[in-house]
Amino acid sequence: MTVESGAATTAAPALDQPAPDTPDQAGEFIQLLTPEGERIDHPDYPLDLPADDIRSMYRDLVLVRTIDTVAISLQRQGELGIWASLLGQEAAQIGSGRALSPDDMVFPTYREHGVAWCRGIDPVKLLELYRGVSHGGWAPEEHKFGLYTIVIGAQTLHATGYAMGIQRDGADRGEAVIAYFGDGATSQGDVNEAFVWASVFNAPIVFFCQNNQWAISEPLEKQSRIPLYQRARGFGFPGLRVDGNDVLACYAVTQKALQAAREGQGPTLIEAFTYRMGAHTTTDDPTRYRLASELEMWKLRDPIERVRAYLVRGGLADAEFLAEVDAEAKQVGARVREACRNMPDPPPLALFDNVYAEPTTLLREERERYAAYLDSFEEAAGR
Amino acid sequence: MAELKEFKLPDVGEGLTEADIVAWHVKPGDHVEDGQIIVEIETAKAVVELPCPWDGTVARLLAEEGQTVDVGVPIIAVEVETPNSAERPSVPAPAPAESTPDDEAGAHSVLVGYGVKTSATTRRARRTAAGRPETAEVPTAPEVPIEPPELATEPRAAEPGVAAVRVLAKPPVRKLAKDLGITLAALAGSGPDGSITRDDVQRAAAADTGVRSADSGNGSRTVTSATVPGGEERIGVRGVRKHMAAAMVSSAFTAPHVTEFLQVDVTETMAALRRVRELPEFAELRVSPLLFVARALLIAVARNPLINSSWDAAAEEIVVKHYVNLGIAVAAERGLIVPNIKHADAMALPELARGLQALTETGRAGKATPADLTGGTITITNVGVFGVDAGTPILTPGETAILAFGQVKDTPWVVDGQLAVRKACTLSLSFDHRIVDGELGSAVLRDVGSMLQDPVRMLAWG
Amino acid sequence: MTKLTLSRGINEGLRKALENDPKVLIMGEDVGKLGGVFRVTDALQKDFGEARVIDTPLAESGIVGTAIGLALRGYRPVCEIQFDGFVFPAVDQIVSQLAKMRYRSRGQVSLPVVIRIPCGGGIGAVEHHSESPEVLFAHTAGLRVVACSDAADAFTMIQQSISSDDPVIFFEPKRRYWDKAEVDTAAGVAGALPFDQARVVLDGADVTLLCYGPLVRTCLESAAAAREDGRSVEVIDLRSLSPLDMDTITASVRKTGRCVVAHEAPVFAGLGAEIAARVTERCFYHLEAPVLRVGGFATPYPPSRLEEHYLPDLDRILDAVDRSFGY
């Protein structure tokens, strides 16, 4: 992988990925907190967060990672059918998630457990989907957080349309939309169409791409010859790349982009350059297609470690605080475990609900027949 | 309180059937926590770490490193110290799919889901009889009208050959046969491709013998409750009775019936009968007035062919038959049937006698075949056996005339201007006035009467 | 003869096809390095190279669209759609282009493209991973639609599909990927049952049970249980959904007089409806009962904790058989 000089725009066939330990020379790899936990400044993103906020972010990061780990463990115990881990992407999600104002609308994929956390969604609700109890257990408008979308990229169009709705509701609403998607999704037609629509309609939307380098087994170079953030230029709106493992940078960049959207400046593409530390899902086996050394390299850029280092070195958090956070994490983990294991199955006839606004004759008939059929057995079916 | 729990090797969603224990991270006596990694297992050339589901103390390791374990088999026993847990219904690991010893190590990654559950290979026991046909109607009310369960008839054994012959019939015909208790397999079909038609079934039902399936009830008197003096009794209308009723209705309301009567002095016929009985040709045969009435009618038909015909509404034609399949009304146990003698016109008298005898015997015994019961062209009914003189008989459907004769009794008669006592009986001829006018009908009746009055005429006219 | 899983059976068939014809290509998401999420293309990129076994960008429409282009250029692409529920972005290319090109060109253009789709439920998965969209494709003229049910059939049918000059939608029952069967991998396909014909997989006398893909095994299990009830069930694996092998179906129903069709897809407007109409026409006088259908409800596929209620199982299938005998 060669590092390209910032001026070249014509295609040299070589890939333009910054080596993992070097920020992009064009300076668009925005970073405010180094992997070692050192605070650096960026001229475009003056950030002066109170220590409380950063401590709070740290807590969010730890709790979200704990929940993720517990979920993986639950899957291993057969309590979940599957889990899509966000391991390694916590900063991108907590950072961007905390930049949202309460009225902003989020359109997630199926991995934004950290953003869900920021939106106040009980993690147990997320487990419902992965346990197979429901297809999504929350009301989008209640939390301003859409249902998880498993079809890759589809939500970007929904997000764009929603943003167009905000426009029609009046410019003074001050609401914006954020659409999450991954690097693989940028190849889907839907995502590119969303870029078209958002740009020509100047929609108040932030496209937040977590480039975690892998789409199941396919590395980024299978999806793009050019850094993803540079795609936006082709569509006519700003794109920038942020260190996806830097919670402060993600926060600052997202905040600014959301503000721009609110102010009628249209869409921004944020590429959060991060890494999928875990597998695509719990039954993927990454050892089949990537090297352990790569994983080791990224462990050195861990999003949580650097915040802890920063807090401790700066005297902003002591051992007591850290212990408190760990204790809370353990508690949350235990609660999630317990809630998951006790999650009741939906009753069989629930499968007929909510197909239409009002059930059709056919549905009523099928439901009644099936109820009679179930009743006709001496014993209810065991699980 | 401590409880010994066994952790079974789960299917980690890979469609796993087995896994190898790679390394234990704990040993007996170790304290373990919910979520703590206790073992590494190998599946699909990847190593998966399994967390403990409980807080407790390791009691025993139930599988060794290097051992291949089936999914669902306990691998570790843990003394669990939870004070609060009631037995939680935990999700059992999905049962393993069939695994064979020559599996590659582990199965393959499914990438999604809990994996494949094994399905049941036996039926769950049901409370109610199965086999309810669903109603075609869509209920709008919450209640679904449930049809009374119709138990399957005995399933046909899968013997070679038994299933080879298929009965062909349209659904409505099958239903009719079922309602009438007719087994389709015993019928010959007159429809396309040999399929059985509604008519075939109805004719079979008229005979209603030996072709019935086991569990139907036909036209029998079913006293549904003890007869209460002054109360009511209900008799089911099924089978032969039902068919008889249908035939009567069909005939009566299709063909305009006219009945003509003729009282006949049959003294000579009765004398001739006695002499015929003594002839060797008639030694074993039953010779009754019916024989002579039949012969007379056959001759009358030859002289008046139009009386032996049928009305084909579809073709708008009258079909005159130049053969006579002579139907005789027989009171079988289950009701009136009309078997017929084929080509009675071509029979010599002894043969005719034999035919009549056989017919009445089989008819009364309930053994008339469908062939016997179809194809008749004209009918005789003996109402005399009931002790009456005359009647207004209803045509057999498909025929143009029916001749009834009453009891033969001593009657005051004028002979050569003098009052005498003669054997007389009344003939009643009903005919279809679309085909037969009064002149023809009268001619036929007169012919029959003449022959019965003077049997020698049969020699002249036959 | 070797005992192979269904997944492996397809793998071996693909391998044969790649060996026999240099124009055969395999393309899809994660098919190369990973060998496919179900390992159906395992080791093929290693042995045949990246030019022939292609890891594509993440876009189903792109996969099928570029496959069409490759076919126009003389290649025989075998596309993989990773899961049934993800085929829909590709449906425009499939329906508007792939299916119609021969017709549009009056026979000048042939598009021998195979689209492999793992289908069906019963694996406890999240949304979009348990669909049965076969009838959409069966309803589209110009496409052949087939469904394998065991390793031996999969091995031959994939090769036959690749050899066909027509576009083929090839459904693979994902919950049966690990079922094993004896496969003669040395045998050529010349003697194998043509892939447009149905197969009587179990002889019977009392009722004809039609099925395909994942339910073939369920129907065989049902037939075995029915034997306990004294019923002899004839099970037919349709194999080809479009075109339908009506001769085999008709001969069977004329023999038994009763017919039940089972599929995971919803009953309403499912393939069973087409079969019922045709069987009724051809076997009217032979039928003791109407053709009955067992399948999914008129709902979206439910969350996995409810899928056992949605999917036809042994009890539901035999209930339909009972109802047939109730007429």
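Residues numbered from 1 in each chain as written. Chains lettered and ligands numbered in written order. Predicted model: local features only at pLDDT ≥ 70, side-chain atom pairs only at ≥ 80, totals over all residues. Heavy atoms only, no water.

Enquirer: Teacher, can you tell me more about the overall build of chain A here?
Expert: The secondary structure content of chain A amounts to 13 helices and 8 strands. Whereas a compact globule of 383 residues would reach a radius of gyration of roughly 21 Å, chain A reaches 22 Å, a difference of no more than 12%. Evaluated residue by residue, chain A yields a buried proportion of 58% over its 383 residues. Sequence separation of 24 or more characterises 74% of the internal contacts of chain A that already satisfy a separation of 6 or more. As displayed, chain A offers around 15,000 Å² of accessible surface, 54% of which is attributable to carbon and sulfur atoms. Distance from the positive charge centre (36 side chains) to the negative charge centre (56 side chains) of chain A: 2 Å. (Helix = DSSP H or I, 4+ residues; strand = E, 2+ residues; numbered from the N terminus. Rg over C-alpha atoms; globule rule 2.2 N^0.38 Å. Buried < 20%, exposed > 50% of the residue type's maximum accessible area, 1.4 Å probe, protein only. Contact = heavy atoms within 4.5 Å. Areas by Shrake-Rupley, 256 points an atom, 1.4 Å probe, with all protein chains shown as cover. Lys, Arg positive; Asp, Glu negative; His and termini not counted. Charge placed at Lys NZ, Arg CZ, Asp CG, Glu CD.)

Enquirer: How should the domain arrangement of chain A be read in this particular structure?
Expert: Quoted interface sizes are often the accessible area lost when the parts come together. Split into domains, chain A comes out as domain 1 (18-341) and domain 2 (348-382). Between domain 1 of chain A and domain 2 of chain A, the C-alpha centre-to-centre distance is 40 Å. (Domains from an automatic or database assignment.)

Enquirer: Would you take a moment to explain the sheet that holds strand β2 (residues 105-107) of chain A for this structure?
Expert: Backbone-to-backbone hydrogen bonds join strands into a sheet, with any given pair of strands oriented parallel or antiparallel. All names here are of chain A. Here 6 strands make up an open sheet; going across it, the order is β1-β7-β8-β4-β3-β2 and the pairing parallel. Strand pairing shows two members of the sheet lacking a second neighbour, β1 (29-30) and β2, which therefore form its edges. Bridge analysis of strand β7 (residues 239-243) against strand β8 (residues 268-273) gives 5 bridges, and the strand direction is parallel. Across the sheet, residue Val242 finds its bridge partner in β8, namely Ala272. Against the sheet, helix α2 (residues 90-99) contacts β3 (177-182), β4 (205-211) and β8, and its axis sits at roughly 165° relative to β4. (Pairing = 2+ DSSP bridges. Axes fitted to C-alpha atoms, helices over the stretch in contact; angles between N-to-C directions.)

Enquirer: How do you make sense of the pairing of strand β4 (residues 76-80) of chain C when you look at a structure like this?
Expert: Both faces of the sheet carry side chains from a regular strand, because those side chains alternate between them. Residue and element names in this part refer to chain C. With 5 of 5 residues buried, β4 lies mostly within the body of the structure. When strand β2 (residues 24-28) meets β4, the two strands line up parallel, connected through 5 bridges. In the sheet register, Val24 faces β4, and the bridge partner there is Arg76. Taken together, the 3 bridges between β4 and strand β5 (residues 114-119) define a ladder with parallel strand orientation. Looking across to β5, one finds that Val78 is bridged to Val114.

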